[in-house]
Amino acid sequence: PWLAGVRAVWRAASGEAPVLRYEPITGDIEISYRYPSYTGLQPRTVTGTTGDLSAPAGTEVTLRTRSDRPVSRAEVVVNGTALPLEVEGERALQGRFVLEVPGSYHFRFLSALGGVTARGPDLPINVEADAPPKVELLSPQADLEIDPGQKVSLRYEAQDDFGVTSLELVFRPPGGQERRLPLSHEKGRHTKEAYTWDLGGLSLQPGDRVSYHLEAKDNDARSGPKRGVSRTQVVRIYSAAEHRREAVKKAEAMWERLVTQLADRLEGGEVAEALETPRVQAGQRVDDAGMVLSQDLRATAADIARQRDAPKELVAALVNISEGYGKRVRTTRDVRRVFLRYSNRSDLAGDFGRRLQAAVRDEISELEKDVLFLETLIDRRKLDELRELARELERERKELTSLVEEFRDSKSAEVREKVLQQINELRERIAELARRMQELAQNIRDEHLNAEAMQELMNEEDMSSALDEVERLMREGKTDEALAKLQEMSMQLDALMERLQQADENFGD
C-alpha cells in the first residue's frame, strides 16, 4: 500500500493520468439468451464463458456466475445503469436484462451500507444488427426483348437473417404508375422460386419498355420491417421498326466512313499531274483504311442480316459495295507498291505512275457512286420510318377519339377519368414520336424531302397544345368541341402522310 501511494503521488506530480485496472471478481459466466419472437430463434444457453455478450436487440439475457468471496449485495452495471443481482448462499449470483444497444457491463459488490467494495472488469456487449433482406433476379437477362403477348419467366432468390414476410414484383409500364404483384415465397430465411409474368393486360405497343425489380421486406417487429431490392431490369416489346432503325444507323455509320475515304482519296497525291514519291508513299495509309473499310462493310451486312425484319436492300447494298470497292482499293494498293519499287527508274516510273493515277480515278468514281447509292437507300428507309411514325400517331389519335366518343355517349365519370389519363399518357407518346420524326426529316436530303415544309407539318408544340385543348374541353364536359379538335389533328396528319407519299414518289425505283 505504501508503494502504491508513492506511485500515485509520482503520477500526480508528473501529470500522468492514473490507469484503472479491475481484476475479475467472479468465476466463469453462464449466459442464457431468449431471443425476440420475430427472429424465430430458439432459446440458447452457453456455459463456461468469459462473459462476452452478442445477440440481436431485444434479446433477454440471463447471467449466472459465482463470486470469489462471500457477498450480501451485488449488481450488474449495464452501460452505466445498475441492476440488482440475486444472491444465493453468499456466492451464487443471477440477474437478467434486455440487450438494447452495444457497449459494456461489469459486476460490482456492495457493502451493507451501499458502498462499492469490489468492481470487476468491463465485458463487451455486441448488439447484432438485423440486416435488410437480400433479393436477386436469377433470370432473365437484364435487357430482355419479347414478342407481343409473350410471357416472361422470372426466377428469383430472397433471403434474410430472420425471415422474409413479403416479396413483390414492382414494375412501371410506359407513361403509367408503379404497380406491384405479390410473389410466392417460403416463410423461412431463404426462398428460391419462379414466376410466370403475363404482360398481356398492360396494352403494350411494339417498342414499349417496362422496367421492373423485386422488393422484399423482413419481419423485424422491433425497429420496423427493412426493405431489400434487386437490380432494375427492362423488358422490351419487339418492334420491327426499332430493329430497322438500328440497321439504318449501322449502315449510316458505314456511309460516313465511305465519305471520309472519298475525301482522303481526293486529297491524295495521286490526283496531281506530277507524282511525288513522298505523297504517293503517304497514300499507303489510305489504301490500308480502304481495305479495312471493305471488310467492315461486309461484317456490318452480316450483322444486319442476322436480325429479324432486316432491310434486305441495305444488306445487299453493303455486300455489293464491299465487293466492288474492295476490288478497286486492292488494285490501287498493288499498283502503288509496284510504282514505289520502280520509282527511281525513269523508263518504268512514268508507265506505272499513269497506271496508279488511273486506278485511283477508278476508285474515286466507285466511291462517289457508292456514297450516292447508299445515301439514297438510307434516305428511303428513313422516309419509310417517317410514314410508320405518322401512322402510329394517327392510331394514337383514333384511340383517344374513341374514348371521347364513349364518354359522350355514356357520360360516365369513370370513362371521363380514363380519357384524362389517356390524354396524359398519349401526350408524352405523341411528343416523342413527333421529335423523332423531326430528327429524321432533318437528316434526309432536300432533293428527297423538303425538311422545312415537314417541320411545319410536324410542329410538336402544335400537337401538344392541341392535346392540352382537348383536355381542357373534356374537363368542361364539351365533348363535341374536343372531338372537333381531334379532327383538326387528323387533318394535320393527313397532310403529313400526303407529303410523305409525294416524297416516296421522288425516289422512283
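Here we summarise the structure given alongside this text. (Residues numbered from 1 in each chain as written. Predicted model: local features only at pLDDT ≥ 70, side-chain atom pairs only at ≥ 80, totals over all residues. Heavy atoms only, no water.)

## Things to note about unusual backbone geometry
For the bond running from Ser139 to Pro140, omega is 5°, close enough to zero to count as cis. Its identity is not glycine, yet Glu90 carries a phi of approximately 65°, on the positive side. Considering the arrangement of structural elements, one finds Glu90 in the loop between strand 7 (86–88) and strand 8 (92–98). One non-glycine residue, Lys411, lies in positive phi territory at about 55°. Relative to the elements of secondary structure, Lys411 occurs in the loop between helix 6 (346–410) and helix 7 (413–442). Assessed through its relative accessible area of 52%, Lys411 is described here as exposed. (Helix = DSSP H or I, 4+ residues; strand = E, 2+ residues; numbered from the N terminus. Buried < 20%, exposed > 50% of the residue type's maximum accessible area, 1.4 Å probe, protein only.)

## Section: the environment of Val78
With respect to the helices and strands, the residue Val78 is situated in strand 5 (residues 73–78). For the pair formed by Val78 and Ile125, sequence separation is 47 residues and the distance between their alpha carbons is 8.9 Å. What Val78 contacts, discounting residues up to four positions off in sequence, is Leu83, Phe97, Ser104, Tyr105 and Ile125. (Contact = heavy atoms within 4.5 Å.)

## Re the nonpolar core
Counting 33 residues, the largest nonpolar core has Leu258, Leu297, Leu314, Leu318, Leu374 and Ile378 as the members making the most contacts within it. For this core, the elements supplying multiple residues, two or more each, are helix 2 (240–266), helix 4 (284–305), helix 5 (312–341) and helix 6. Ranked by residues supplied to this core, first place goes to helix 5 with ten residues. Contacts of Leu314, omitting those with residues within four sequence positions, involve Ala247, Val248, Ala251, Leu374, Leu377, Ile378 and Arg381. Grouped together as the second largest cluster of nonpolar side chains are 28 residues, Ala390, Ala466, Ala482 and Leu486 included. (Core = buried A, V, L, I, M, F, W, Y, C linked by side-chain atoms within 4.5 Å.)

## Let's talk about the pairing of strand 5
The element strand 5 is largely enclosed, with a buried count of five among its six residues. One ladder, built from four bridges, connects strand 5 with strand 6 (residues 81–84); its direction is antiparallel. When the sheet's bridge partners are listed, Val77 is paired in strand 6 with Ala82. Adjacent in sequence and paired antiparallel, strand 5 and strand 6 are bridged by two residues, among which Asn79 carries a positive phi angle near 50°. (Pairing = 2+ DSSP bridges.)

## Regarding helix 4
Between its first and last C-alpha, helix 4 extends 32 Å over 22 residues, near the 32 Å set by a 1.5 Å rise per residue. Listing the buried residues of helix 4 in full gives Val286, Asp287, Gly290, Met291, Leu293, Ser294, Leu297, Thr300, Ala301 and Ile304. (Expected span 1.5 Å × (residues − 1).)

## Digging into the sheet that holds strand 17 (residues 190–197)
Read across the open sheet, the three strands follow the order 12-14-17; overall the sheet is antiparallel. Two strands in the sheet have a free side with no partner beyond their single neighbour: strand 12 (134–139) and strand 17. Neighbour-to-neighbour, the strand axes of this sheet turn through a mean angle of 25°, independent of strand direction. Here eight bridges tie strand 14 (residues 152–159) to strand 17, and the two strands are oriented antiparallel to one another. (Axes fitted to C-alpha atoms, helices over the stretch in contact; angles between N-to-C directions.)

Note that all results are geometric; they support no functional claim without further evidence.
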